[in-house]
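Given next are the chains, with one letter for each unit.
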Amino acid sequence: MPKYIFVTGGVLSSLGKGIAAAATGALLERKGHKVTIQKLDPYINVDPGTLSPFQHGEVFVTDDGAETDLDLGHYERFTSARVSQANNYTTGKIYYNVIQKERRGDYLGDTVQIIPHITDEIKKSIKSAVGDNDVLIVEIGGTVGDIESLPFLEAIRQMRHDVGRENSLYMHLTLVPYIPTSEEVKTKPTQHSVKELRSIGIQPDVLLCRCDRPFPPGLKKKIALHCNIEEEEVIQALDVSNIYEVPLALHKEGLDAIICRKLGFDDSPPDLSIWEDIHKKITEPSKEVTISIVGKYIGLKDSYKSLTEALGHGGIANDAHVRLEWVDSEEIEANGPERYLSETDGILVPGGFGHRGIEGKVQAIRYAREKKIPFFGICLGMQCAVIEFARTMCGLEKANSSEFDLNTPDPVIYLMEKWFDHRREATEERTESTDKGGTMRLGAYPCTLEEGSFALDAYGEKDISERHRHRYEFNNAYKGILTKNGMRVSGTSPDHELVEIVEVGDHPWFLGCQFHPEFKSRPTEPHPLFASFIGAAVKEKRELFNEVSAKGGTRPEK
């Protein structure tokens, strides 16, 4: 029978339940166990696809096209698991499934209630994610005490009764704050959080206590006494310099040994050499580059979580520290690119939706192309690169995307209403009136690369698969004029109908891709495009430094 680890949180949000769950998975994998991780979210949206990035952070996309919580990105980056639709359920999705069953008459006249119907559906969703894995780690979103999460907590309480104590473990993440005025570390928030959890029938087996300094003597014993657990089951979850140090820190505290003992696993020492190597590469790089991210959600960095992690992975691949500078595209729109981008080593324009800040992105891309600064455009960033090139190099001064201007005379980016989905082997159709939720080109699609391209040099193979999340596409009616004037279409769908990658050849490194490569990058396997982009930035910085040192002055014209 598979083992279940349930991760809950208390006191306040953003303590790092997702990182804790992912790091626990990493430790168990290094002990030889096959692991997958699931997130149960208490909000009523069916999925996070229609939520603002300012409210919820990025939307992570799986191979099978699920729009999911950003924590699923952590699960994939820390473990070898490839998550799917089954790895993320929301209150909305659970209730939607139950209501559909009720409408069909599946409950045979029963009064449909939270218990047992909703909780049974939650337990069914948990079991659906197990597959052939040894361990399923289930993270419950929100904090203990929230009214929204009560059905999920009741369901995992019942799970212990269903699968047995030897096959289930409750891990609770809390805060142990330091109060500067009294110079004390306080345990009361943790005590109250555990009390709340026990009041609904869940006794935690392990406590992960977030703290910014080591516990003073006797503090673990005090927490254990008040929370009804053993002292060794109180784990210090100290702040670390980077998230990939967390598995090492939790192992040092003995978390994996406690889990193995409670679940009946062999407690042989894990091989953590890969995480030690990653930690060393992050903390002791030999080089540094500055990458400017030109976006419009820069007020909340979680909007680009997978992106920033993937850039760091590109640094790992090049033994370089990647310093990020966040540039608001609306500021460029108002003041021009020179004051924001003149000292950068690489420019990245990420994905997004809506017309706000688009002209600033277009200006940044022109600056990167003309100044020969390595450029990487992702999804909307690729589309803006096509718009900029059409306007500047092809004389199509009013070229635009029909997303931003329905009346543009030259819609170089447009809503493709029909295409063949090679993953599903079926024709897909979209219109302007199609529902917004779950109706984009989503998930993994195949792509074939062209010889002599930056893309093929990066991947080292012609046939690839990448994840998408967008509605608008490259308009093939303009492929001729764009390629005639120097744009290179270097990646397409197997039938050449969908343009996936564009490049500018007369440039150190200029690439835009319609997909989101950041979703498949891991610290253990940096994505080829991010490794290549950071490598180009390192190379150009070194050459520029030598040129400026020889001539003096600022960035020369190339």
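Report follows, based on the coordinates. Model, not experiment: these values are computed from the prediction.

Cut-offs and rules
Counting from 1, residues in each chain are numbered in the order their sequence is written. At least 70 in pLDDT is required for a residue's local features to be given in this predicted model, at least 80 for side-chain atom pairs to be given and counted, and no such filter applies to totals for whole chains, interfaces and linings, which use all residues. Side-chain numbers come from the whole structure's heavy atoms, not from hydrogens or water. Comment: elements are numbered from the N terminus, with helices defined as DSSP H or I runs of at least four residues and strands as E runs of at least two. Our radius of gyration looks at C-alpha atoms and nothing else; its globule reference is 2.2 Å times the residue count to the power 0.38. Using a 1.4 Å probe on the protein chains alone, a residue whose accessible area is under 20% of its type maximum counts as buried, one over 50% counts as exposed, and one in between counts as partly exposed. Method for areas: the Shrake-Rupley scheme with a 1.4 Å probe, in which residue coverage is limited to the protein chains shown. As used throughout, the charge tally considers Lys and Arg to be positive and Asp and Glu to be negative, leaving His and the chain termini uncounted. To locate a charge, take atom NZ for lysine, CZ for arginine, CG for aspartate or CD for glutamate. Any pair of residues with heavy atoms lying within 4.5 Å of one another is described as a contacting pair. Between rings of Phe, Tyr and Trp, where Trp is taken as its six-membered ring, a pair exists when centres lie within 6.5 Å; planes separated by under 30 degrees are stacked, by over 60 edge-to-face, and by other angles tilted. Nine residue types can take part in a nonpolar core, namely buried Ala, Val, Leu, Ile, Met, Phe, Trp, Tyr and Cys, and a core is a set of them joined through side-chain atoms within 4.5 Å. Angles shown run from 0 to 180 degrees and are taken between the N-to-C directions of axes, each axis being a line fitted to C-alpha atoms and, for helices, limited to the stretch in contact. What sets the label is the angle itself: under 35 degrees gives roughly parallel, over 145 gives roughly antiparallel, 65 to 115 gives roughly perpendicular, and the rest give oblique. Helix crossings are classified by the rotation of the near helix relative to the far one: an anticlockwise turn of less than a right angle makes the crossing left-handed, while a clockwise turn makes it right-handed. At least two DSSP bridges between two strands are required for those strands to pair. Any pair of nitrogen or oxygen atoms within 3.5 Å is treated as a polar contact; in protein, a donor-acceptor pairing is required on top of that, and neighbouring residues in sequence qualify only through side-chain atoms on both sides. Only one rule defines a salt bridge in this text: a Lys or Arg side-chain nitrogen within 4 Å of an Asp or Glu carboxyl oxygen. The criterion for a disulfide is a pair of cysteine sulfur atoms lying within 2.5 Å.

Another point: the overall build of the protein chain. The helix and strand inventory of the protein chain stands at 19 helices and 25 strands. Over its C-alpha trace the protein chain gives a radius of gyration of 25 Å, about what one expects of a compact globule, namely 24 Å for 558 residues. Its C-alpha atoms put the protein chain at 70 × 65 × 45 Å along the principal axes. Burial analysis of the protein chain (558 residues in total) assigns 57% to the buried set. When the accessible surface of the protein chain is totalled, it reaches about 23,000 Å², and 49% of it is carbon and sulfur. Of the charged side chains in the protein chain, 67 are positive and 86 negative, and the gap between their average positions amounts to 2 Å.

As for its placement among the helices and strands, F152 is situated in helix α6 (residues 150-163). Note on F152: relative accessible area 2%, which makes it buried. Sequence separation between F152 and E397 is 245 residues; the distance between their C-alpha atoms is 55 Å. Every residue in contact with F152, bar those within four places of it in the chain, is listed here: L40, D41, P42, T90, T91, I94, I122 and I140.

A complete count under the given rule lists 13 aromatic pairs for this structure. On the numbers, 6.1 Å between centres and 5° between planes, the contact of Y4 with F6 is stacked. By the burial criterion, Y4 is buried, and F6 matches it. Ring centres of F375 and F510 lie 4.6 Å apart, and the angle between their planes is 35°; this geometry places the pair in the tilted category. Separated by 135 residues along the polypeptide, F375 in strand β15 (residues 375-378) and F510 in strand β25 (residues 510-513) bring together distant segments of the chain. A single burial state applies to F375 and to F510, both of which are buried.

On to the nonpolar core, then. In this structure, I5, M171 and L208 are the most contacted members of the largest nonpolar core, which totals 42 residues. The greatest single-element share of this core, amounting to eight residues, is contributed by helix α1 (residues 17-30). Setting aside anything within four residues of it in sequence, one finds L208 in contact with A20, M171, H172, L173, T174, I235, L250 and L255. Residues I332, I365, L396 and M487 belong to the second largest nonpolar core, which totals 39 residues.

This next bit is on the packing of α1 against helix α3 (residues 71-78). At a closest axis distance of 8 Å, the pairing of α1 and α3 adopts a crossing angle of 20°. It follows that α1 is roughly parallel to α3 by the angle criterion. For the pair α1 and α3, the crossing hand works out as right-handed. Here α1 contributes G18, I19, A21, A22, A23 and A26 to the contact with α3, which in turn contributes D71, H74, Y75 and F78.

This brings us to the sheet that holds strand β10 (residues 206-211). Spatial ordering of the open sheet is given by β5-β2-β6-β1-β7-β10-β11, a layout of seven strands whose pairing is parallel. Each edge of the open sheet is held by one strand with a lone partner, namely β5 (88-90) and β11 (234-238). Averaged over neighbouring strand pairs, the angle between their axes works out to 20° when direction is ignored. With six bridges joining them, strand β2 (residues 35-41) and strand β6 (residues 135-140) adopt parallel strand pairing. Across the sheet, Q38 pairs through a bridge with V138, a residue of β6. Helix-sheet contacts for helix α4 (residues 91-104) involve β2 and β5, and the interaxial angle to β5 is about 75°. Docked against the sheet, helix α7 (residues 188-199) engages β1 (3-9), β7 (168-175) and β10, running at close to 145° with respect to β7.

Following I115, the chain continues into P116 via a peptide bond in cis, with omega recorded as 15°. Relative to the helices and strands, P116 resides in helix α5 (residues 114-128). The residue E183 is not glycine, and still its phi comes out positive at about 55°.

In this structure, N133 sits in the loop between α5 and β6. Note on N133: relative accessible area 15%, which makes it buried. A polar side-chain atom of N133 sits 2.7 Å from the main-chain carbonyl oxygen of V130. Once you skip the residues sitting within four places of it in the chain, N133 turns out to touch P2, K34, V35 and T36.

Right, let's get into the pattern of salt bridges. A side chain with one charge can pair with a side chain of the opposite charge if their charged atoms come near. Summed over the entire model, instances satisfying the criterion amount to 38 salt bridges. Among the salt bridges present, the one from K281 reaches D277, with a minimum N-O distance of 3.5 Å. Linking K281 with D277, this pair stays in helix α11 (residues 273-283), spanning four residues, or about one helical turn. Classification of K281 as partly exposed rests on a relative accessible area of 34%. In this structure D277 comes out as partly exposed when scored by relative accessible area, which is 37%.

The strand order β13-β12-β14-β15-β25-β24-β23-β20-β21 describes an open sheet built from nine strands, whose pairing is mixed. Looking along the sheet, the strands with just one partner apiece sit at the ends: β13 (320-328) and β21 (463-470). Strand-to-strand, the axes of this sheet are offset by a mean angle of 25°, without reference to chain direction. Inspection of the sheet shows strand β12 (residues 287-295) paired to β13 by nine bridges, in the parallel sense. Along β13, the bridge assignment pairs T290 with R323. Seen against the sheet, helix α16 (residues 380-393) touches β14 (346-349), β15, β23 (487-492), β24 (499-504) and β25 and runs at an angle of roughly 115° to β15.

Moving on to the side chain of H470. Counting through the fold element by element, H470 comes out in strand β21. Judged by relative accessible area, which is 2%, H470 ranks as buried. Among the polar contacts listed, one links the side chain of H470 to the backbone oxygen of Y472, at a separation of 3.0 Å.

This part is about the state of the cysteines. Counting across every chain of the model gives zero disulfides. With no disulfide of its own, C211 lies 7.2 Å from the sulfur of C209, the closest cysteine sulfur.

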